Amino acid sequence: MRTQVGIIGSGPSGLLLSQLLHQQGIESVVLEKRTQDYVLGRIRAGVLEQGMVDMLRAAGVSDRMDREGLVHEGIEICFGDRRQRVDLKKHTGKVVTVYGQTEVTKDLMDARAAAGGALIYEAENVQIAGLESDAPEITFEKDDQTQKLTCDFIAGCDGYHGVSRRYIPENLLKIHERVYPFGWLGILSETPPVSDELIYVNHWRGFALCSMRSPTRSRYYLQCAFDEDLEEWTDDRFWDELRIRLPNEAAERIEMGPSIEKSMAPLRSFIAEPMRHKRLFLAGDAAHIVPPTGAKGLNLAASDIYYLSRALVAFYAEDGRSDLMDSYSADCLRRIWKAERFSWWMTTMLHKFPDQNSFDRGMQMAELDYLFDSDAAQASLAENYVGLPF
Ligand code: FAS
Ligand code: PHB
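Heads up: these notes are all about the structure in this document. (Residues numbered from 1 in each chain as written. Chains lettered and ligands numbered in written order. Predicted model: local features only at pLDDT ≥ 70, side-chain atom pairs only at ≥ 80, totals over all residues. Heavy atoms only, no water.)

## A short note on the overall build of the protein chain
Looking only at helices and strands, the protein chain has 13 helices and 20 strands in total. Counting only residues that meet the buried cut, the protein chain has 55% of its 390 residues in that class. Partitioning the intrachain contacts of the protein chain with sequence separation of at least 6 by distance along the chain shows that 72% fall at a separation of at least 24. Summing over all exposed atoms, the protein chain offers an accessible surface of approximately 16700 Å²; the carbon and sulfur share of this is 48%. Side chains of the protein chain give 44 positive and 59 negative charges; the mean places of these two sets differ by 2 Å. (Helix = DSSP H or I, 4+ residues; strand = E, 2+ residues; numbered from the N terminus. Buried < 20%, exposed > 50% of the residue type's maximum accessible area, 1.4 Å probe, protein only. Contact = heavy atoms within 4.5 Å. Areas by Shrake-Rupley, 256 points an atom, 1.4 Å probe, with all protein chains shown as cover. Lys, Arg positive; Asp, Glu negative; His and termini not counted. Charge placed at Lys NZ, Arg CZ, Asp CG, Glu CD.)

If you want it as structure tokens, here you go:
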């Protein structure tokens, strides 16, 4: 097989790239190791920055998002008996859209299928060769046969556990990482959200987050130990703990019900650089991970794809123009580091750290106290939450 761009991974990064390239007449093949149902079964992000919404609109996949997405103009932060709404629209003129990553992925899959896009699921043992040449190859196994895809460029959109990052030579690859001493336990329930907007809580027992997917479907998270046994978290235990951590008024009002999904996510800050080696470009979680406290993971994947699609289109449309390819890694990393900072700041401000001493706790309280009392601090949070410019 031969194509112009070989894409490894059919998460939001890979699918969005394939769709944007298709719109510019550039061929791609997406290779995914899992089944389509498995990919769609993963419950992940929920908040889209304006920049990502604009990209999905430009990609021609925004109809359902425009119908079903929930536009949010603010978020709420709580600690102790204090509650502060941060007015995103007042401070930035922008909003965020609550629309699950699962729905984004489905809309992109449907668009690629409608356009006859080449998406190969259950492509196993993906390997890359020939990066030094101008015709790199991806080999993979499908239906017990080894197949080869020759391309001009390869996009490593295969997430944190993918293979593509391994093809950045060890002597060039730099990793920057912080692993947090806790995780998030999340549930999905067919219950109306406890509030019209998201509620982020710093409680002495641990962080909690109230989010949603629709007016009838809620998404809740609790900070927990990173090695918790999911089996030990019955629905009743989850709801009891959530109600302890929520402000009383919300705890009394919350509607509870059976979880339709329950999962644990570890929290880490992670950056791999450079994000390009020869004809291989990394994008999304393959190159970086943020703790979900700032709702940046999915949105960072989108900005990487903005820079990568722009570079590939310039190459094909302008007779091999390569300056945007040469600056790709630096262009992405400039925005990634600022999103990493914001995600680390939100995580540090809102979570209980097991080794926290009285000074650490005092710093957290001072950070929150300053945020609650300062319009400038709230404007800074708002500017980062709605998404810094691409
Ligand atoms: P993805 O990981 O989504 O996609 C990579 C794809 O590549 C997968 O389908 C995988 O099966 C495939 N793949 C992997 N190895 C392969 C191989 N060798 N060959 C072929 N295919 C391969 N972000 C938020 O903003 N908010 C959240 O609440 C949030 N929660 C999260 C919870 C969890 C458990 C995880 C893991 C992430 C969460 N994220 C969250 C971040 C998440 O949304 C990512 O940022 C987003 O999925 C990034 O998209 P991709 O870069 O496409 O990577
Ligand atoms: C979600 O709805 O899954 C969500 C929202 C905001 C976050 C993290 C996750 O910061």
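## Brief notes about unusual backbone geometry
Cis geometry is found at the peptide bond from glutamate 273 to proline 274, where omega equals 0°. The residue proline 274 is located in the loop between β17 (259-273) and β18 (276-277) in this model. At glutamate 122, a residue that is not glycine, the phi angle is positive and equals roughly 55°. Here glutamate 122 is to be found in the loop between β8 (118-120) and β9 (124-129).

## Here's the deal with the pairing of strand β5 (residues 74-79)
Counting buried residues along β5, six of its six residues qualify, which places the element largely inside the surrounding structure. Both faces of β5 are covered, namely the face carrying Gly74, Glu76 and Cys78 and the face carrying Ile75, Ile77 and Phe79. Bridge count for β5 against strand β6 (residues 82-87) is six bridges, and the pairing is antiparallel. Residue pairing for β6: isoleucine 75 is matched across the bridge by valine 86. Between β5 and β6, which pair antiparallel in sequence order, lie two residues; one of them, glycine 80, sits at a positive phi of approximately 60°. Sheet topology places β5 next to strand β14 (residues 199-202); four bridges connect them, and they run parallel. Looking across to β14, one finds that cysteine 78 is bridged to valine 201. (Pairing = 2+ DSSP bridges.)

## Side note on the site of ligand 1
Taken together, 30 residues form the shell around ligand 1, and within it Ser13, Glu32, Arg42, Arg44 and Gln101 come nearest. Arginine 42 is positioned such that a nitrogen or oxygen atom in its side chain is 2.7 Å from an oxygen atom of ligand 1. Take leucine 298: an N or O atom from its main chain is 3.2 Å from an oxygen atom of ligand 1. Look at ligand 1: alone it shows 990 Å² of surface, and the protein chains cover 87% of it. Of all the secondary-structure elements, those providing two or more residues to the shell around ligand 1 are α1 (12-23) and α9 (297-317). Class assignment for the residues of the shell around ligand 1 results in 13 nonpolar, nine polar and eight charged. (Near = heavy atom within 4 Å. Polar contact = N/O pair within 3.5 Å; in protein donor to acceptor, adjacent residues only side chain to side chain. Nonpolar A, V, L, I, M, F, W, Y, C, P; charged D, E, K, R; others polar.)

## A closer look at the nonpolar core
The biggest cluster of nonpolar side chains holds 67 residues, and the ones touching the most others in it are Leu16 and Leu48. Sort the elements by how many residues they give to this core and α9 lands first, with ten residues. Those residues within four positions of leucine 48 in sequence are excluded, and the remaining contacts are Val53, Leu56, Met65, Val96, Thr97, Tyr99, Val104, Leu298 and Asn299. Ranked by size, the runner-up nonpolar core spans 34 residues in total, among them Trp184, Phe207, Trp345 and Ala382. (Core = buried A, V, L, I, M, F, W, Y, C linked by side-chain atoms within 4.5 Å.)

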